[in-house]
Amino acid sequence: MSVNSVEFSWNGKPMKGQEGDSIFAALYRNGIRSIATTRKRHQPLGLSGSYVSGLLARVNGIPNVRVDCAPLECGATITQQNCWPTTQ
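Residues numbered from 1 in each chain as written. Predicted model: local features only at pLDDT ≥ 70, side-chain atom pairs only at ≥ 80, totals over all residues. Heavy atoms only, no water.

Student: How would you explain the side chain of Q81 if you had to name every residue and give the values?
Tutor: Looking at the secondary structure, you find Q81 in the segment after β7 (77-79). The class of Q81 is buried, set by a relative accessible area of 7%. At 2.6 Å, the side chain of Q81 forms a polar contact with the side chain of N64. When sequence neighbours within four positions are dropped, the list of residues in contact with Q81 reads L56, A57, R58, P63 and N64. (Helix = DSSP H or I, 4+ residues; strand = E, 2+ residues; numbered from the N terminus. Buried < 20%, exposed > 50% of the residue type's maximum accessible area, 1.4 Å probe, protein only. Polar contact = N/O pair within 3.5 Å; in protein donor to acceptor, adjacent residues only side chain to side chain. Contact = heavy atoms within 4.5 Å.)

Student: Hey, could you go over the pairing of strand β1 (residues 5-10) for me, with residue numbers and the actual values?
Tutor: Summarising the sheet, β1 and strand β2 (residues 13-18) pair through six bridges and their orientation is antiparallel. By the bridge assignment for β2, V6 is matched with G17. The turn linking β1 back onto β2 is made up of two residues, and N11 within it adopts a positive phi angle of 50°. With two bridges joining them, β1 and β7 adopt parallel strand pairing. When the bridges of β7 are listed, W10 appears paired with I78. (Pairing = 2+ DSSP bridges.)

Student: Summarise the sheet that holds β7; cite the residues concerned and give the values.
Tutor: Pairing is mixed across the open sheet formed by five strands, whose spatial order is β2-β1-β7-β5-β6. Each edge of the open sheet is held by one strand with a lone partner, namely β2 and β6 (62-66). For this sheet, the mean inter-axis angle between neighbouring strands, taken without regard to orientation, is 40°. Inspection of the sheet shows strand β5 (residues 56-59) paired to β6 by three bridges, in the antiparallel sense. Counterpart to V59 in the pairing with β6 is I62. (Axes fitted to C-alpha atoms, helices over the stretch in contact; angles between N-to-C directions.)

That is the geometry; function is a separate question.
So this is what it looks like as structure tokens:
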């Protein structure tokens, strides 16, 4: 069984995932372990379902998408949100 490669971008950086992956799985495979920070101390929140705010990102311009539930799409643009300093 061959797995097709899917290209997407994370904060403007091109990356590759596998067809059928969630965004979470694709980011994890590419070495991304944190996509959000705490509001007060700006410490990283891990990719964990314990803190939903640690799983939210902007996907193709749509804010507050849970990356553990959303499927990876070819050409998707995924960016951090609610982080300091801002990436937008």
